[in-house]
Structure formats: structure tokens, C-alpha cells
Amino acid sequence: MQAMLMKKVGAALEWTELADPRPGPGQIRVQVAACGVCRTDLHVVDGELPQPTVPIIPGHEIVGRIDALGSGVEGLRLGERVGVPWVGHTCGVCPYCVVHRENLCDRPLFTGYTRDGGFATAAIADARFAFPLGEVGSDVELAPLLCAGLIGWRSLVRAGGGSNLGLYGFGAAAHIVAQVAQWQERNVFAFTRPGDATSQAFARRLGAKWAGGSDETPPEPLDAAIIFAAVGDLVPLALKAVRKGGRVVCAGIHMSDIPALPYALLWGERQLRSVANLTRADAIEFLKLAPQMAIRTTTTTYRLDQANQALDDLRAGRVQGAAVLVP
Ligand SMILES: [Zn+2]
Ligand SMILES: [Zn+2]
């Protein structure tokens, strides 16, 4: 197999020839057809997450077909198209796992961070964390659903009800959540980097009621806001934009420091929380609903050997929608 391997933190990924992996008990091997590039991959490559496993193959939005089954795998078959997300394994016995909060597992493995991911022609996955995708939709358009879609969905549920939803950072996740929110008959207010007219126009094309810079005040108070950008300065801005009792959800795994803020911004029973990882129940729920919601992902495809280019483009904010690698 071939892979774009991170040999050390902070260095460019390297095209590497590796022995074909064999699935162990309870595992499957997937021939990768597409793998999305997520902001979290940038955090991994740039060394912004603690204790990365190196060398590692990044990538946790894997779409591919099963071409080998380890012993004891049930419910999946050879040739089946599956998706493999960020949460790649949970222990099943820690205090979080036993109360169905496996997204907070004490001993998890994360695809493309602490176990090898999908920037490769093949990947090994824990069969319990591989989800059948059916045959509707292309591999490339489905790939962003595996993280941007799933984390976006979990964030949206945690943001609660209410008709006015703010999205800070209009990238891969927000462009999916915007469509889901409209399917739920909610109004989307999109916040981008100040002056980013291209992303604002993109948000309006996807049906946002309003789009502007993150430094702007929306024309109506928000019931909830989700922050996808890794920018702590957005927290006070989002708290300011939500009404009393409103929620602000931080959806990213990493964020720059949140500045000191006046208590008045939190007063009025506003809530601030993070969303971490996902559970299998989130994946099953979202992937079942996704076809009904008729989500159309906007993607830019790169060849697998162009992974570094894709990461650079994402870092510079040059990607509209989602970047996807195709081996
Ligand atoms: Zn656990
Ligand atoms: Zn991700």
C-alpha cells in the first residue's frame, strides 16, 4: 500500500510504500476510495494536539470498500462500502463508556491521530467503528460527512432548538450544518473572517439568511451559535450575539486562548460548552438522516500525493467546502 506518512510533527507528509496491513480480530481492511481533509488533520500535522503517535497516517473521513475481514467480524461483508470516522476505538469499560458517553472514553483511539488513518490506499479499522454507507452518492461527496458532518450534527443537537442559528467559520462543517439547519426550517447566520466576501457569498448560495464578518452584529439575536473556527476570540463575540438563555457550542478539538470577558456576556443564563468527538449512536443517527436531508457537499479533490497541498490550502483558508483526497 501507499500512504502519505507523518514521520515527525511539523514536517511535510511523505509518500511512503508500506507492507499491506492485515486486519486483526474484530478489524476490517478498507481499500480507500476517498478521504476528507479536516482541520483536525492540520492540528495533528502542526503539533497542536498532545501526544501524537508518530509515525502516523493522518485522515479520519474515510470512504472505501472492505477487502478483508478479520476473525469475529459480524454485520459487515466483503465489498461493502463503509465510512470510518475520527473515533476509531473505545474501551467499553471506563466510566464514560458504560453510560453511553463513549465520545469521552478514557482510553480511546482516534483515526489518523493515535491509529493510522486514510491518507493512504488502504486502512485498518475496528469493525465496530465502520459504518455502512449504502450505494447512494459518490465516494468523494460522502467523505466530508464522516467528520464535518458528524461533528457538525452532534454540535447542532447540543446547540438546542430555536430558529436563529449562528455559524462561526464557514468551512467544511458549517457548509453541511447550514443545509441540515435549513432542512429543520431554521435560519442560518454565517460568520466568516472579516472581509472574506467569497465565503460570505458561498454561505448565501447555500441559503444563509445573512452572512457577514465575525466582527459584525447579526441583524437578529441568535438562539444558538456554533464556533467551528479555532479562534478563541470568537467566544465573546458569539456570546454577545446570542439572546438570553442561548447557547454557544465550541465544536473544534483545539482553539486559541479565549480572552477574558465581562461576566455580563454569560449572564442571562447563556451557556458555553464544547463538543468532543462522537459516539457510534451519533454516526448511525446522522448517516440515516443524511439522505433524507439531501445534503450536497461542495468538495475540492486532490490526488493522495497532493495531501500537503490540500493541508496548505486549508491552512490558508483557500478551500471552499471540503478538501478530499483520492488515491
Ligand atoms: Zn472507555
Ligand atoms: Zn475531523
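Residues numbered from 1 in each chain as written. Chains lettered and ligands numbered in written order. Predicted model: local features only at pLDDT ≥ 70, side-chain atom pairs only at ≥ 80, totals over all residues. Heavy atoms only, no water.

Turning to the overall build of the protein chain, a few remarks are in order. Helix and strand content of the protein chain: eight helices and 17 strands. For the protein chain, the C-alpha radius of gyration of 19 Å lies close to 20 Å, the compact-globule estimate for 327 residues. Once the C-alpha set of the protein chain is aligned to its principal axes, its extents read approximately 55 × 40 × 40 Å. Counting every position in the protein chain, which comprises 327 residues, the buried fraction comes to 54%. Expressed as a percentage of contacts within the protein chain between residues at least 6 apart in sequence, the contacts between residues at least 24 apart total 69%. (Helix = DSSP H or I, 4+ residues; strand = E, 2+ residues; numbered from the N terminus. Rg over C-alpha atoms; globule rule 2.2 N^0.38 Å. Buried < 20%, exposed > 50% of the residue type's maximum accessible area, 1.4 Å probe, protein only. Contact = heavy atoms within 4.5 Å.)

In the structure shown here, the tally under the stated rule is 13 salt bridges. In this structure, the salt-bridge partner of Glu220 is Lys209, at a minimum N-O distance of 2.7 Å. Of this pair, Glu220 sits in the loop between strand S12 (210-213) and strand S13 (222-227) while Lys209 sits in the loop between helix H5 (197-205) and S12, placing them 11 residues apart in sequence. On the accessibility criterion, Lys209 (48% relative accessible area) is partly exposed. For the salt bridge of Asp223 with Arg243, the shortest nitrogen-to-oxygen distance reads 2.5 Å. Taken together, the positions of Asp223 in strand S13 and Arg243 in strand S14 (residues 242-250) put the pair 20 residues apart, joining distant regions of the chain. Residue classification places Asp223 among the buried positions, given a relative accessible area of 13%. (Salt bridge = Lys/Arg side-chain N within 4 Å of Asp/Glu carboxyl O.)

Distances from the zinc ion (ligand 2) to its protein donors, namely Cys38 (SG), His60 (NE2) and Cys147 (SG), fall within the range 2.0 to 2.2 Å. Sequence positions of the residues that donate to the zinc ion (ligand 2) give the spacing C-x21-H-x86-C. Linking Cys38 in the loop between strand S3 (27-37) and helix H1 (39-45) with Cys147 in the loop between helix H2 (139-142) and helix H3 (148-158), this pair joins segments that are 109 residues apart in sequence. Across the pair, Cys147 and Cys38 agree in class, each one buried. (Donors = N, O, S within 2.8 Å, 3.2 Å for Na, K, Ca; no water.)

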